[in-house]
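A structural walkthrough
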Amino acid sequence: MTDNTASSTPVPAPKRALRSRSGLARARRIVVKVGSSSLTSVAGGISDEALTRLADVLAARRAQGTEIILVSSGAISAGLAPLGLAKRPTQLSSQQAAASVGQGLLMARYTAAFGKHGVTVSQVLLTVEDLMRRTTHANAHRAMERLLNFGVVPIVNENDTVASHEIRFGDNDRLAALVAHLVKADALILLSDVDALYDGPPSAGAVRIPEVTGMADLEDVRIGKVGKAGVGTGGMATKVEAATIAAQSGIPALVTSTANAAAALAGEDVGTWFTGRGRRQPVRLLWLAHVARIQGTLVLDDGAAKAVGDRRRSLLAAGIVSVDGHFEPGDPVALTDLSGTVIAHGLTNYGSDELPQMLGRSTRELSKELGRSYERAVVHVNDLVILQDHGQGASTGADAPAGSVETPKTVNTLGA
């Protein structure tokens, strides 16, 4: 008989955001992400020993009353051997096939490993669109909350079987950061085969960076790529980016190794702690700042660049000098100044075929000549994220009237 309820002596919920890693010991809800390199290898497929160790640690913490959401990579890697593939394929259709085979194998192992502790797990497969559209985002949130209410441990992965290059998160580190916002987690823990962020190659005597309080702490830090198992897609760079995405909008994050999972959950001094700062923000704007696939570029004159970047105003056609790329209404675009510096990302209300005739013209002029549908801003401030290092999160500013909306600035770290 399984027991899907939490312990009768639950971990007390924090009254405020966690200020330090020691607060992890009392966190109410934690998102844990584990990478492919920690669970699988090309030669051996899924490592039952590694997966079981992780499940033991997470089940023990759940028994103490903490809700756990596990974001797990490994589906594509798990599907390589059954398909006779010697390495991770580069062709999208082959990746989709491997994911389709491997996801079932991965979930079967998790079901068995957590089942030994009387814990039920569920499979949650997400795409970018699931978190970006208002209705599907709400559905995903409700589903996750209900699973947690039932005492289930949701195991989340990107839906690699159907996701195309255009609609992918890119890696599960960024997915984990967005899931942490989706479920309003107290903290995000990113696990891999590296125990912390270092100020250089560990093999060359580099020193562990115990805490990151702002982007200045990462200046001149050399950040590695894919892990030693060779089956992942991210590496330390994407973990730092994901931790930064979370931290800049109020959710602290810890980057450490899977071997340190128990110590990390206990709040011990392991890994690299990214201090939460700023306010928790809509997932849609986090996606726009850090994950969205930019489809084109709008070049702004000096006046418009200042209005958008400094005064945080909507972008009007009168301030656009030129347009580059092919995009449709609703697509994400980059806004740059005349020197080519990216000021912001935004969702455009017009396609690249419409904009050339609008450049440099006032809204009143456009409305009179082309119709009232052209009275809209090219990019409304509610669909805009400023990309400058002011150490704050993104905000829709939805409570202010149009034209006076202000959007606090966010940082785009290590590439969007």
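Please refer to the structure placed before this passage.
Throughout what follows, the structure given in this document is the object of discussion. Quick caveat: nothing in here was measured; it's all calculated off a predicted structure.

This part takes up the overall build of the protein. Helix and strand content of the protein: twelve helices and 15 strands. Buried residues in the protein amount to 53% of all 416 residues. By sequence separation, contacts in the protein at least 24 residues apart represent 71% of the contacts at least 6 residues apart. Accessible area for the protein stands at about 17,600 Å²; split by element, carbon and sulfur atoms hold 50% of it.

Between its first and last C-alpha, helix H4 (residues 92-115) extends 33 Å over 24 residues, near the 34 Å set by a 1.5 Å rise per residue. Of all the bends found along H4, the most pronounced is centred on Gly102 and spans about 30 degrees. Residues Leu92, Gln95, Gln96, Ala98, Ala99, Gly102, Gln103, Leu106, Met107, Tyr110, Ala113 and Phe114 constitute the buried set of H4.

At a closest axis distance of 8 Å, the pairing of helix H7 (residues 172-182) and helix H8 (residues 236-247) adopts a crossing angle of 15 degrees. Viewed along their axes, H7 and H8 adopt a mutual orientation that is roughly parallel. Crossing geometry of H7 relative to H8 is assigned as right-handed. Between H7 and H8, the contacting residues are Asp173, Arg174, Ala177 and His181 on the first element and Thr238, Lys239, Glu241, Ala242, Ile245 and Ala246 on the second.

A positive phi is found at Lys184, a non-glycine position, where the angle reads about 55 degrees. Note on placement: Lys184 falls in the loop between H7 and strand E7 (187-192). Backbone geometry at Arg312 places phi at a positive 55 degrees, although glycine is not the residue there. Examined against the element boundaries, Arg312 turns out to sit in the loop between helix H11 (302-309) and strand E12 (320-325).

On inspection of all chains with the given rule, the structure shows two aromatic pairs. Ring centres of Tyr110 and Phe114 lie 6.2 Å apart, and the angle between their planes is 40 degrees; this geometry places the pair in the tilted category. Of this pair, Tyr110 and Phe114 are both found in helix H4, four residues apart, which corresponds to roughly one turn of the helix. Judged on exposure class, the residue Tyr110 and its partner Phe114 are both buried. When the centroid spacing of 5.6 Å and the interplanar angle of 20 degrees are considered together, the rings of Tyr350 and Tyr374 count as stacked.

A surface patch of like charges, here negative, comprises Glu211, Asp217, Glu219 and Asp220. Structurally, the position occupied by Glu211 is in strand E8 (residues 211-212). Using a relative accessible area of 37% as the deciding quantity, one classes Glu211 as partly exposed.

Opposite charge on two side chains makes pairing possible when the charged atoms of those side chains draw close. Under the defined criterion, the tally for this structure stands at 14 salt bridges. Of the charged contacts in the structure, one is a salt bridge between Glu67 and Arg28, with a shortest N-O distance of 3.9 Å. Within this pair, whereas Glu67 is found in strand E4 (residues 67-72), its partner Arg28 is found in the segment before strand E1 (29-34), the two being separated by 39 residues in sequence. Take Glu67: its relative accessible area is 22%, and that puts it in the partly exposed class.

This part is about the pairing of strand E13 (residues 332-336). Burial analysis of E13 places five of its five residues in the buried class, the great majority of the element. The alternating pattern of E13 places Pro332, Ala334 and Thr336 on one face and Val333 and Leu335 on the opposite face, and all of these are buried. Across four bridges, strand E11 (residues 296-300) lies against E13 in parallel orientation. Note that in E13 the partner of Thr297 across the bridge is Ala334.

Turning next to the sheet that holds E8. In space, the eight strands of this open sheet follow the order E5-E6-E4-E1-E7-E9-E10-E8, with mixed pairing throughout. Looking at which strands have only one partner, the edges of the open sheet turn out to be strand E5 (121-126) and E8. Two elements, E1 and E4, share six bridges in a ladder whose sense is parallel. Across the sheet, Val34 pairs through a bridge with Ser72, a residue of E4. Its contacts with the sheet put H4 on E1, E4, E5 and strand E6 (153-158), and the angle it makes with E5 is roughly 150 degrees.

Counting 50 residues, the largest nonpolar core has Val31, Val156, Val179, Leu188 and Phe274 as its most contacted members. When residues no more than four places from it in sequence are discounted, the contact partners of Leu188 are Val31, Ala176, Ala177, Ala180, Ala242, Ala246, Ile251, Pro252, Ala253 and Leu254.

This part takes up the packing of H7 against helix H10 (residues 283-290). One can describe the packing of H7 onto H10 by two numbers: an axis separation of 10 Å at closest approach and a directional angle of 160 degrees. Regarding the angle of H7 to H10, the classification is roughly antiparallel. Once H7 is placed against H10, the crossing between them reads as right-handed. Where H7 approaches H10, its residues Arg174, Leu178, His181 and Leu182 are matched on the opposing element by Val283, Leu286, Trp287 and His290. When the residues that make up the contact of H7 with H10 are grouped by side-chain class, the tally is five nonpolar, two polar and one charged.

Let's shift gears to the environment of Val385. With respect to the helices, strands and loops of the structure, Val385 is situated in strand E15 (residues 384-386). Using a relative accessible area of 0% as the deciding quantity, one classes Val385 as buried. Expressed as a C-alpha distance, the spacing of Val385 and Gly309, which sit 76 residues apart in the sequence, is 9.4 Å.

About the cut-offs
Residues numbered from 1 in each chain as written. Predicted model: local features only at pLDDT ≥ 70, side-chain atom pairs only at ≥ 80, totals over all residues. Heavy atoms only, no water. Helix = DSSP H or I, 4+ residues; strand = E, 2+ residues; numbered from the N terminus. Buried < 20%, exposed > 50% of the residue type's maximum accessible area, 1.4 Å probe, protein only. Contact = heavy atoms within 4.5 Å. Areas by Shrake-Rupley, 256 points an atom, 1.4 Å probe, with all protein chains shown as cover. Expected span 1.5 Å × (residues − 1). Bend = angle between axes of the 7 residues up to and from the residue. Axes fitted to C-alpha atoms, helices over the stretch in contact; angles between N-to-C directions. Parallel < 35°, antiparallel > 145°, perpendicular 65-115°, else oblique. Left-handed = near helix turned anticlockwise from the far one by under 90°. Phe/Tyr/Trp six-rings, centres within 6.5 Å; stacked < 30°, edge-to-face > 60°. Patch = residues over 30% accessible without salt bridge, like charges linked within 9 Å, V, L, I, M, F, W, Y side chains within 5 Å. Salt bridge = Lys/Arg side-chain N within 4 Å of Asp/Glu carboxyl O. Lys, Arg positive; Asp, Glu negative; His and termini not counted. Charge placed at Lys NZ, Arg CZ, Asp CG, Glu CD. Pairing = 2+ DSSP bridges. Core = buried A, V, L, I, M, F, W, Y, C linked by side-chain atoms within 4.5 Å. Nonpolar A, V, L, I, M, F, W, Y, C, P; charged D, E, K, R; others polar.

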